[in-house]
Amino acid sequence: MDIQAIVDDFWASRARGVYYPPQWFDKLTLDVACRVQLGLLDKAVAAGARQVGWKVGLTAAAIREQFGVHEPVFGYLLEEGRLDSGVELDLSTWQGAGFENELCLRLARPLRGPGVTVQQARAALRGCHPAMELVENRGDFSAQLAVAVADNVQQRAFVIGPEVSLAADADLAAVRCTVDINGTEVAQATGDAVMGDPCASLAWLANKLAEYGRGLEAGQYVMSGSFTRQFPLRPGDVAQTRFHGIGTVTVRARPA
């Protein structure tokens, strides 16, 4: 397949507000979708956007089984999507908002595969942030997973609290999070929900990006993958997630 032609077609469709172009339904492999996604990233950067990191999705084995895939997926993070805890969002321009509860890992030095181990991934960290990924349901994710990957896996923004340093023996798999929506607890989970250890997610990402000639750079953010299921975010909602021992992150959605 002519990857650049597909990238150009996705880019033109996006300019018209079509993020899941139907002409590509059921026609892309996940490998082609990853190449298209990276091509769209390159076009965005050429147009003036600044990449600040990456995200990992489908980190739970049960979800991968649901979609019939054997490994997670990745996406990219842009500077324009980085938001501070406490932000108030206007959802009037969003196409179905949701949030996921994640650690945002911060790299102290470059990390490049292949062959990166969990221990090497942990050693490359300078710290982490309590975080939420804000997702946008721009199309039928379940029915068109490859198109969704090409369209950056629902990514719209990410919200982070203050960075905390990590001890050399920090056990991110044991970190517990508690999720509240409008003052009501809706979920609890621990970091081992993310591939057994969020650092395993980071190692997977470094090794996967190497297949496409890419790597992780010092200072970049990596959204680890969600500790919990995805929750909808509606006008008027206040969502707060506490990562015990790490910190708290809050998002407010402006009333309609």
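Here the structure is shown first, and the text comes after it.
Residues numbered from 1 in each chain as written. Predicted model: local features only at pLDDT ≥ 70, side-chain atom pairs only at ≥ 80, totals over all residues. Heavy atoms only, no water.

1. Considering unusual backbone geometry
Part 1: With an omega dihedral of 5 degrees, the bond running from Gly-113 to Pro-114 counts as a cis peptide bond.
Part 2: Along the chain, Pro-114 turns up in the loop between strand 5 (97-107) and helix 4 (118-123).
Part 3: In the Ramachandran plot, Leu-58 falls in the positive-phi region, its phi being about 55 degrees despite a non-glycine side chain.
Part 4: A positive phi is found at Asn-182, a non-glycine position, where the angle reads about 55 degrees.
Part 5: Take Asn-182: its relative accessible area is 44%, and that puts it in the partly exposed class. (Helix = DSSP H or I, 4+ residues; strand = E, 2+ residues; numbered from the N terminus. Buried < 20%, exposed > 50% of the residue type's maximum accessible area, 1.4 Å probe, protein only.)

2. Section: the packing of helix 1 (residues 3-15) against helix 2 (residues 30-46)
Part 1: Between helix 1 and helix 2, the shortest axis-to-axis distance is 9 Å and the interhelical angle comes to 60 degrees. It follows that helix 1 is oblique to helix 2 by the angle criterion. Handedness of the crossing formed by helix 1 with helix 2: right-handed. Each of Ile-3, Ile-6, Val-7, Asp-8, Phe-10, Trp-11 and Arg-14 in helix 1 lies in contact with helix 2, whose residues at this interface are Val-32, Arg-35, Val-36, Gly-39, Leu-40, Lys-43 and Ala-44.
Part 2: Across the contact of helix 1 with helix 2, the residue classes break down as nine nonpolar, one polar and four charged. (Axes fitted to C-alpha atoms, helices over the stretch in contact; angles between N-to-C directions. Parallel < 35°, antiparallel > 145°, perpendicular 65-115°, else oblique. Left-handed = near helix turned anticlockwise from the far one by under 90°. Contact = heavy atoms within 4.5 Å. Nonpolar A, V, L, I, M, F, W, Y, C, P; charged D, E, K, R; others polar.)

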